[in-house]
Amino acid sequence: MIELRGIKKSFNGKEVLKGIHGHFEKGKTNLIIGASGTGKSVLLKCMVGLVQPDEGIVLYDNRDFTDGTADEKQQIRKEIGMLFQGGALFDSKSVEENVMFPLDMHTNMSKHEKLDRVNFCLQRVGLENVNKLMPSEISGGMKKRVGIARAIALQTQYLYCDEPNSGLDPLTSIKIDNLVHEITHEYNITTIVVTHDMNSVLEIGEYIMFLYKGETLWEGDSTTILDTQVKELQEFIFANKLIRDMKSHSPNNK
Amino acid sequence: MKSFGKYVILLSTLFVNRERFRIYLRLIFEESVLIGIDSVFIVVIVSTFIGAVTAVQTAYNLVSPLVPLYVIGTIVRDMTVLELAPTITCVVLAGKVGSSIAGGLGTMRITEQIDALEVMGINSSSFLILPKIIAALITFPMLVIISGFLSIYGGFLASVLTGALTEKEYIYGIRYQFKDSNINFAIVKSEVFAFLIASISAYQGYFTEGGALEVGKSSTNAVTNSCIAVLLADYLLAQLLL
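Residues numbered from 1 in each chain as written. Chains lettered and ligands numbered in written order. Predicted model: local features only at pLDDT ≥ 70, side-chain atom pairs only at ≥ 80, totals over all residues.

Visitor: Can you lay out the sheet that holds strand E3 (residues 29-33) of chain A for me, pointing to particular residues and giving the numbers?
Guide: All names here are of chain A. Strand order across the open sheet formed by 6 strands is E6-E7-E8-E3-E9-E10, with mixed pairing between neighbours. The sheet is open, and its two borders are formed by strand E6 (80-83) and strand E10 (215-220), each paired with just one other strand. Going from strand to strand, the sheet's axes swing by 20 degrees on average, the running direction of each strand aside. Pairing geometry for E3 and strand E9 (residues 207-212), over 4 bridges, is parallel. Residue Asn30 lies in a different strand from E9, and its bridge partner there is Tyr207. Of the strands in this sheet, E6 and strand E7 (158-162) are in contact with helix H5 (residues 140-151), which crosses E6 at around 175 degrees. (Pairing = 2+ DSSP bridges. Helix = DSSP H or I, 4+ residues; strand = E, 2+ residues; numbered from the N terminus. Axes fitted to C-alpha atoms, helices over the stretch in contact; angles between N-to-C directions. Contact = placed C-beta atoms within 7 Å.)

As structure tokens, this is what we get:
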């Protein structure tokens, strides 16, 4: 479980996060949603330690990550896997080397064991016979899959996905969403997905946090989000005509 | 001053939370190939021609019958060892290696590859920058030695082929009143320049913000700042060590 307690962050006097609280439970696909510029990515960076919050703490299973010692942070970081928006694969390394990288850095496994693990992870994300290809030789969707394989190569306990389906076609987006969702349940890990894609919200949102101007305005899940009375969330959701149509045909609609 | 402070802090982070030694060993080897071996060609070309041009221009200016011709060899040797081989080679390397380091790290920064390393619990500055600096410290002196040899040989070819002086006169000239401390001076210079070029370029690349345009700016800044630092250090070392 990941817990946020009063996360605040300002840049050049502008308050981007205004005291975020939240619980992200294990074995669930947790979503942080909101329009562009609401502080989703900053919150994610605070959670993984890329940005130090001005106030507040992040707890990983009651372990203080924000103010912990360097060794404690290091230990928690080894349990974190992250899928970046653009994949963030290492250009100079092949697909196999990219997935093997965390194993090279943090384990004493033999070459054979590492290769087995790499092949397992690549098969798990639906990729085969791509080991020797370079990141520049594979598609955007495949890069995301390799990113997920790299994120789960170690015994990951916490999986972060930063807009996992940005730049992908709708079909590939759904595949990536479902893959993240399946992996979350299969390995019983805490997954946090930052997105503004309503398809993802309705497809995999087991817990949803809606951010608006650096504050949490709404919390719930995919079954209740369409019935929200929060005006800002309604504007966000029903910007999409398809979702508006869904709402108008909903039995709850009066 | 703020940038200098940031540069010093970056350097201090290179030695904390390091990875295992064998990982660095492999990285240093890979970087040595990129920085050293891949630069041999440009060093060979530049050095040979610099030596040749120095010999030809010295011969052109040395018109007094009172000055023996072998002095051309002596001048080529001293200019090469003291200045041309270490300084000009390192200025050329600042362009080639410096832009490559800054461009590579800048691209890694804007494509979130450096963030990915940090999230994995790896000290990205130590992992990415330390091997480059060590590789530069290993390979730059070697390149400067190659440059010195080729520059003197270039001077020999130009002198003999143009008939400015004979083989014997040139070889006598380059041996005349030779001080081996000058070689030490050239090596010390190359080590200092290697550190400055690798660290300044890495600093520029590591702190790139923005997109592709900023990566280009970082590369340009890396080359400009490295060259200025090399020339300043050149003057200071000359004052201190000669």
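Visitor: Quick one: what's the story with the interface of chain B and chain A, residue by residue and with numbers?
Guide: The figure often quoted for interface size is the accessible area lost as the parts come together. Contacts between chain B and chain A engage 12 residues on the former and 14 residues on the latter. Grouping the constituent residues of the side of chain B that touches chain A by class yields 4 nonpolar, 4 polar and 4 charged. (Nonpolar A, V, L, I, M, F, W, Y, C, P; charged D, E, K, R; others polar.)

Visitor: Provide a residue-level description of unusual backbone geometry, including the pertinent values.
Guide: One non-glycine residue, Asn129 of chain A, lies in the positive phi region at around 60 degrees. Given 7 C-beta atoms within 10 Å, Asn129 of chain A falls into the exposed group. Residues other than glycine seldom take positive phi values, yet Glu112 of chain B does so here, at roughly 65 degrees. Tracing the backbone through its elements, the reader meets Glu112 of chain B in the loop between helix H4 (71-110) and helix H5 (113-119). (Buried ≥ 20, exposed ≤ 12 C-beta atoms within 10 Å, placed from the backbone.)

Visitor: Give a detailed account of the environment of Thr139 of chain B, specifying residues and quantitative values.
Guide: Residue and element names in this part refer to chain B. Mapped onto the secondary structure, Thr139 falls in helix H6 (residues 124-162). With 24 C-beta atoms counted inside 10 Å, the residue Thr139 sits in the buried group. A sequence separation of 106 residues divides Thr139 from Val33, and the C-alpha atoms of the two residues are 8.8 Å apart. Leaving out residues up to four positions away in the same chain, Thr139 has contacts with Ser32, Ile35 and Gly36.

Visitor: Could you give an account of the domain arrangement of chain A, naming the residues involved and the relevant values?
Guide: Residues and elements named next belong to chain A. Per the domain assignment, the segments making up chain A are domain 1 (1-79 + 157-222) and domain 2 (86-156). On a C-alpha basis, the centres of domain 1 and domain 2 stand 23 Å from each other. Taken residue by residue, the interface counts 14 residues in domain 1 and 10 residues in domain 2. Of all elements in the fold, only E7 and helix H6 (170-187) reach the threshold of two or more residues within the side of domain 1 that touches domain 2. Per-element tally for the side of domain 1 that touches domain 2: the top contributor is H6, with 5 residues. (Domains from an automatic or database assignment.)

Visitor: Please give an account of the pairing of E6 of chain A that cites residues and values.
Guide: Residues and elements named next belong to chain A. Side chains of E6 alternate between two faces, with Ile80 and Met82 and Gly81 and Leu83 buried alike. As judged from the 4 bridges shared by E6 and E7, these two strands associate in the parallel manner. Following the sheet pairing, Gly81 is matched in E7 by Leu159.

Visitor: With reference to specific residues and values, describe the nonpolar core.
Guide: Grouped together as the largest cluster of nonpolar side chains are 129 residues, with contacts concentrated most on Leu43, Met82, Val99, Ala149 and Tyr160 of chain A together with Ala136 and Ile197 of chain B. Broken down by element, this core gets its largest block of residues, 17 residues, from H4 of chain B. Counting only domains with at least three residues in this core, you end up with domain 1 (1-79 + 157-222) and domain 2 (86-156) of chain A. (Core = buried A, V, L, I, M, F, W, Y, C linked by C-beta atoms within 7 Å.)

Visitor: Quick one: what's the story with the packing of helix H2 (residues 21-35) of chain B against H6 of chain B, residue by residue and with numbers?
Guide: Residues and elements named next belong to chain B. Two elements in contact, H2 and H6, have axes whose closest approach is 8 Å; the angle formed by their N-to-C orientations is 55 degrees. Judged on the interaxial angle alone, H6 and H2 are oblique. Between H2 and H6 the crossing geometry is right-handed. Touching Tyr24, Leu27, Ile28, Glu31, Ser32 and Ile35 of H2 are Leu130, Pro131, Lys132, Ile134, Ala135, Ala136, Ile138 and Thr139, all from H6. Considering only residue class, the contact of H2 with H6 consists of 10 nonpolar, 2 polar and 2 charged. (Parallel < 35°, antiparallel > 145°, perpendicular 65-115°, else oblique. Left-handed = near helix turned anticlockwise from the far one by under 90°.)

Visitor: Could you give an account of the environment of Gly155 of chain B, naming the residues involved and the relevant values?
Guide: All names here are of chain B. Tracing the backbone through its elements, the reader meets Gly155 in helix H6. Put simply, Gly155 and Lys189 are 34 residues apart on the chain and 22 Å apart in space, counted from C-alpha to C-alpha. In contact with Gly155, not counting residues within four places along its chain, are Gly51, Ala52, Thr54, Ala55 and Val76.

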